[in-house]
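What follows is each chain in one-letter form.
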Amino acid sequence: MEGVQVILNEDFLKAEVQKLIRTEMVWWHMDDLRAKTGKSQNWLKDNILYQPRFRKELETFTHFPEAQGDKWCFIADKMEQFLKLHFRDIFIPENSKVRRLG
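The model shown is predicted, which means the values in this text are computed figures rather than measured ones.

A. Quick look at the side chain of Lys 45. Within the element layout of this structure, Lys 45 appears in helix α3 (residues 41-49). If we skip the residues at most four places from it in the chain, Lys 45 touches Met 30, Tyr 50, Gln 51 and Trp 72.

B. Layout of the packing of aromatic side chains. Considering all chains together, one arrives at 5 aromatic pairs under this definition. Taking 6.0 Å as the distance between ring centres and 10° as the angle between the ring planes, the aromatic pair formed by Trp 72 and Phe 74 counts as stacked. Through successive ring pairs, a cluster of aromatic residues spans Tyr 50, Phe 64, Trp 72 and Phe 74. Residue placement shows Arg 55 over the ring face of Phe 64; its charged tip is 3.7 Å from the ring centre.

C. How the structure looks around the sheet that holds strand β3 (residues 73-75). The sheet built from 3 strands is open, its strands ordered β1-β3-β2 with antiparallel pairing. Sheet topology places β1 (27-28) and β2 (62-63) at the edges, where each strand pairs with a single neighbour. As judged from the 2 bridges shared by β1 and β3, these two strands associate in the antiparallel manner. If you follow Trp 27 over to β3, its bridge partner there is Ile 75.

The rules behind these values
- Residues numbered from 1 in each chain as written.
- Predicted model: local features only at pLDDT ≥ 70, side-chain atom pairs only at ≥ 80, totals over all residues.
- Heavy atoms only, no water.
- Helix = DSSP H or I, 4+ residues; strand = E, 2+ residues; numbered from the N terminus.
- Contact = heavy atoms within 4.5 Å.
- Phe/Tyr/Trp six-rings, centres within 6.5 Å; stacked < 30°, edge-to-face > 60°.
- Lys NZ or Arg CZ within 6 Å of the ring centre and 35° of its normal.
- Pairing = 2+ DSSP bridges.

Here you go:
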């Protein structure tokens with residue numbers, strides 16, 4: 001394949017580098033969780049982080065702020081797995097889930 005020239009767009013390269021950095025992150029903070037879900041901090045708190053049904057599981061990979069100025073911290077791959085596993089429970093309200101009969 002001699003003589004083959006590959007031209008890469010600078011924006012494409014920057015985006016690919018950012019993807020690699022994000023996938024290698026060990027910790028997420030609230031801004032990372034907001035970016036991954038597209039939801040506001042208040043929505044995340046109300047629908048995930050302070051939901052009693054998720055609390056026990058979240059405690060295994062989440063640092064809940066304990067004092068003023070303390071920040072949320074999540075083990076990135078564990079939170080990503082949690083979001084995938086509980087997608088329907090989190091993002092699809094119970095009353096709007098379609099149920100098939102028969």
